[in-house]
Amino acid sequence: MRDDRGVTTTGTTTGTSSPRVRSRPELALAGVLAGTAGLAVSLAVTSLLRLRLTPANAVAEAVIELTPGKVALELVHLLGRWDKPLLLAGVLVGLVVLSAAAGLLTARSRWLGPGLFLAMAVIAAAAALTRPGAAPADVVPVVAGFVTWVGVLSFLTGPPQISAPRDRVPFRPDGAEPDGTRGRREFLLRAGAVAVGSLVVGIGGSLLGRKRREVEAARARLDLPVSRGAVPSGAQLDGLDPWRVPNGEFYRIDTAVVVPAVDVDAWRLRIHGMVERELTVSFQELLDRQLTEAWVTLCCVSNPVGGDLVGNAWWSGVRVADLLAEARPLPGADAVLQRSEDGWTCGTPLGALTDDRDSLLAVAMNGAPLPLEHGFPVRMVVPGLYGYVSATKWVVDLEVSRFDRIDAFWTQRGWAEQGPVRTQSRIDVPRGNHRVMAGEVRVGGVAWAQHTGIDKVEVRLDGGPWTEVELGRVPSTDTWVQWAGTVEAEAGVHTLAVRATDASGYEQTAVERDVVPDGATGWHTVEFTAE
Ligand SMILES: Nc1nc2c(c(=O)[nH]1)N[C@H]1C(S)=C(S)[C@@H](COP(=O)(O)O)O[C@H]1N2
Ligand SMILES: [Mo]
């Protein structure tokens, strides 16, 4: 029922207890408070059960998975490392809006609000259960959240607990509705209690069982027999960004909404499939093998021309070729399906993992155990291949197979099966749209063609002749190389272009191609002003 003040009234009409009077803002607030209370409870239950994903995170991951490949990668480009926080924020905003709607719906029928919450819970449960490696326990936080939603909603929209008889309510000369006033005060008390309760449960629960903190602590205790790697002399040119990218600045790309927190003592790597002898190794058994260390530049296939989804680091780990040799791949195998703890997969050519290059199961990056974001405790690093077909973080499973039998995460979404890194070069100095002094202008940047090597880098000002620039020294063909030189620029606006030629003789094409399906091509150009 609605009375003439736009106030919703429901409940008993016997006259002995007060009617439930709730304004629309109150109903919406009741819904939102129920929504956030359920969220807090689900968070606490997730953390107590030490599950990886809260229901909200599971929904966000499912959204990533259901997003068409091209759109997902476009998002990665546009939003960089902010894509996941933004997505999660979107899910939370959706939750708040739907919860408010659930509150408002209770005015129509007492079943509609809980009904909407039920629909939301079903979606969250479906998202949780379709995560890779999901177990029945993963729906427990959803159920706990749903029960909270419905309980709090009825608590906030239901009749007052203690209803004073009408005749005990003092007469109000101003004609105010005594029941409405008392109902409002009681509502506000209840709402406050729910808000405080949610805060306590949410914060307390998430502090209690945080798996991530334990894994960070275990990581800090690790003392790996690795070196920090000295930057080779001549690799770092003056005035350019660090040739070795520090771990905290290394680009990050993955589909994990919550970084997997892998217990290093429980970690196992299984090598199986088309092999003579299946193999399972623990972290210690991995370390017991000979460690190899190497400089390798990683690059993302979705790095646009001139982009920064590329980085160089000193990696320490065990050569995959040695482990695969122990497993003895069967004839006919040409691929390895790699799987991560969080269910991400990629298909890597068996040859790239067994030839003489330093394809590593890396345990350390720049001398420190892998940061959690970069795959702790073990990730794959393969010189010469884009990350999406090789660089599995939190790797737990290598299945030797054939390309015609496997289907990996990004190849299912329209990306190429094979992903050799394309030869590229980038201008870092001057930055685009910067102002410099007219005359001799210093220019510089990086170029890469991992596992092939860079032979020559040339720059061109305003469409003039190409001129060769100086190259930094590199320890192998597996890293990027810094380049630097000067150009003569009079006062005015200029366009600088760069192109590299790799050791196979291939000169970078001017043809501009999008990152989809197997990496961008084209020359990087920047505009700058000399004055
Ligand atoms: N488990 C897992 N590993 C992954 C990915 C992922 O989504 N999940 N993304 C890959 C991609 S596309 C790239 S480019 C590299 C990036 O590694 P980084 O984040 O350490 O720079 O990781 C690869 N390994
Ligand atoms: Mo990538």
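Just so it is clear, the model here is predicted, and its values are computed rather than measured.

Here we look at the packing of aromatic side chains
- Throughout the structure, instances matching the rule amount to ten aromatic pairs.
- Ring plane angle 75° and centroid distance 5.0 Å describe the contact between Trp466 and Trp523, whose orientation is recorded as edge-to-face. With Trp466 in the loop between strand S16 (454–461) and strand S17 (467–468) and Trp523 in the loop between strand S20 (492–502) and strand S21 (524–530), this pair connects stretches of sequence that are 57 residues apart. In this pair, the class of Trp466 matches that of Trp523, namely buried.
- An aromatic cluster of three or more residues is present, and its members are Tyr388, Phe409, Trp410 and Trp415.

Here's the deal with the confidence of the model for the chain
- Considering every residue of the chain, the mean pLDDT works out to 89; 89% of them sit at 70 or more.
- A low-confidence stretch, residues 1–19 (pLDDT under 50), is modelled with 32 contacts involving residues beyond four sequence positions or located in other chains.
- For residues 162–176, every residue scores under 50 in pLDDT, and the model assigns this stretch eleven contacts once sequence neighbours within four places are set aside.

Structural notes on the site of ligand 1
- Around ligand 1, the structure places 18 residues, and the nearest of them are Tyr251, His374, Arg379, Ala391 and Lys393.
- Within the side chain of Ser340, an N or O atom sits 3.2 Å from a nitrogen atom of ligand 1.
- Within the side chain of Lys393, a nitrogen or oxygen atom sits 2.5 Å from an oxygen atom of ligand 1.
- Starting from 530 Å² of accessible surface for ligand 1 in isolation, the protein chains cover 99%.
- Residue composition of the shell around ligand 1, by class: eight nonpolar, five polar and five charged.

Overview of the nonpolar core
- The biggest cluster of nonpolar side chains holds 81 residues, and the ones touching the most others in it are Leu269, Leu286, Trp315, Leu323 and Leu361.
- At six residues, the largest contribution of residues to this core is made by strand S9 (residues 360–365).
- Formed jointly, this core draws a minimum of three residues from each of two domains, domain 2 (247–413) and domain 3 (424–530).
- When near neighbours in sequence (up to four residues on either side) are disregarded, Leu286 contacts Trp267, Val281, Val318, Leu323, Leu361, Val363 and Val378.

Details of the pairing of S9
- Counting buried positions over the six residues of S9 gives six, a clear majority of the element.
- Where S9 lies against strand S11 (residues 379–381), three bridges are found, and the strand directions are antiparallel. Across the sheet, Ala362 pairs through a bridge with Arg379, a residue of S11.
- With two bridges connecting them, S9 and strand S10 (residues 368–369) associate as antiparallel partners. Residue pairing in the sheet places Ala364 in a bridge with Pro369 of S10.

A word on the sheet that holds strand S13 (residues 424–429)
- Taken in spatial order, the four strands line up as S13-S15-S19-S18 in an open sheet, and their pairing is antiparallel. The open sheet is flanked by S13 and strand S18 (470–471), the only strands paired with a single partner.
- Where S18 lies against strand S19 (residues 481–489), two bridges are found, and the strand directions are antiparallel. Along S19, the bridge assignment pairs Leu471 with Trp483.

Structural notes on the pattern of salt bridges
- Counted under the stated rule, the structure contains 24 salt bridges.
- Its salt-bridge partner being Arg431, residue Asp241 comes within 3.1 Å of it at the nearest N-O pair. Linking Asp241 in the loop between helix H8 (211–221) and strand S3 (268–273) with Arg431 in the loop between S13 and strand S14 (435–436), this pair joins segments that are 190 residues apart in sequence.
- Residue Glu326 is joined to Arg289 by a salt bridge in which the shortest nitrogen-to-oxygen separation is 2.7 Å. A residue pair is termed long-range when its members are at least 10 positions apart, and Glu326 in helix H10 (residues 320–327) and Arg289 in the loop between helix H9 (283–287) and strand S5 (292–299) qualify at 37 residues.
- A relative accessible area of 25% means that Arg289 is categorised as partly exposed.

Concerning the environment of Ala102
- Relative to the assigned elements, Ala102 resides in helix H4 (residues 83–105).
- Judged by relative accessible area, which is 0%, Ala102 ranks as buried.
- Ala102 sits 14 residues away from Leu116 along the chain, and the two C-alpha atoms are 5.9 Å apart.
- Apart from the residues lying within four places of it in its own chain, the contact partners of Ala102 are Gly113, Leu116, Phe117 and Leu153.

Things to note about the environment of Arg219
- With respect to the secondary-structure elements, Arg219 resides in helix H8.
- In the structure, Arg219 is positioned 151 residues away from Leu370 in sequence and 8.4 Å away in space, judged by C-alpha atoms.
- In this structure Arg219 touches Ala368, Pro369, Leu370, Pro371, Leu372 and Phe376, once residues within four positions along its chain are discounted.

Thoughts on the sheet that holds S14
- Here we have five strands laid out as an open sheet, ordered S14-S21-S20-S16-S17, and mixed in their pairing. Both edges of this open sheet fall to S14 and S17, since each of them pairs with a single strand only.
- Note: S14 against S21, two bridges, orientation parallel. Along S21, the bridge assignment pairs Arg435 with Thr529.

Thoughts on the side chain of Thr423
- Relative to the assigned elements, Thr423 resides in the loop between strand S12 (395–401) and S13.
- Overall, Thr423 belongs to the buried group, its relative accessible area being 9%.
- A distance of 2.7 Å separates a polar atom in the side chain of Thr423 from a polar atom in the side chain of Asp502.
- Contact partners of Thr423, with chain neighbours within four places excluded, come to Trp448, Ala449, Ile454, Ala500, Asp502, Tyr506 and Gln508.

Considering helix H6 (residues 140–157)
- Between the first and last C-alpha of H6 there are 26 Å, a value that for 18 residues agrees with the 26 Å anticipated at 1.5 Å per step.
- Taken residue by residue, H6 has Pro141, Val142, Gly145, Thr148, Trp149, Val152, Leu153, Leu156 and Thr157 as its buried positions. Down the axis of H6, the buried side of the element spans an arc of 130°, and every buried residue falls inside it.

Some details on the packing of H4 against helix H5 (residues 112–129)
- Contact pair H4 / H5: the axes reach a minimum separation of 6 Å and the direction vectors enclose 155°. On the basis of the axis angle, H4 is roughly antiparallel to H5. For the pair H4 and H5, contact is made by Leu95, Leu98, Ser99, Ala101, Ala102 and Leu105 and by Leu112, Gly113, Leu116, Phe117 and Met120, respectively.
- A breakdown of the residues in the contact of H4 with H5 according to their chemical character gives nine nonpolar, two polar and no charged.

Rules used in this analysis
- Residues numbered from 1 in each chain as written.
- Chains lettered and ligands numbered in written order.
- Predicted model: local features only at pLDDT ≥ 70, side-chain atom pairs only at ≥ 80, totals over all residues.
- Heavy atoms only, no water.
- Phe/Tyr/Trp six-rings, centres within 6.5 Å; stacked < 30°, edge-to-face > 60°.
- Helix = DSSP H or I, 4+ residues; strand = E, 2+ residues; numbered from the N terminus.
- Buried < 20%, exposed > 50% of the residue type's maximum accessible area, 1.4 Å probe, protein only.
- pLDDT = per-residue confidence, 0-100.
- Contact = heavy atoms within 4.5 Å.
- Near = heavy atom within 4 Å.
- Polar contact = N/O pair within 3.5 Å; in protein donor to acceptor, adjacent residues only side chain to side chain.
- Areas by Shrake-Rupley, 256 points an atom, 1.4 Å probe, with all protein chains shown as cover.
- Nonpolar A, V, L, I, M, F, W, Y, C, P; charged D, E, K, R; others polar.
- Core = buried A, V, L, I, M, F, W, Y, C linked by side-chain atoms within 4.5 Å.
- Domains from an automatic or database assignment.
- Pairing = 2+ DSSP bridges.
- Salt bridge = Lys/Arg side-chain N within 4 Å of Asp/Glu carboxyl O.
- Expected span 1.5 Å × (residues − 1).
- Arc of directions from axis to C-beta.
- Axes fitted to C-alpha atoms, helices over the stretch in contact; angles between N-to-C directions.
- Parallel < 35°, antiparallel > 145°, perpendicular 65-115°, else oblique.

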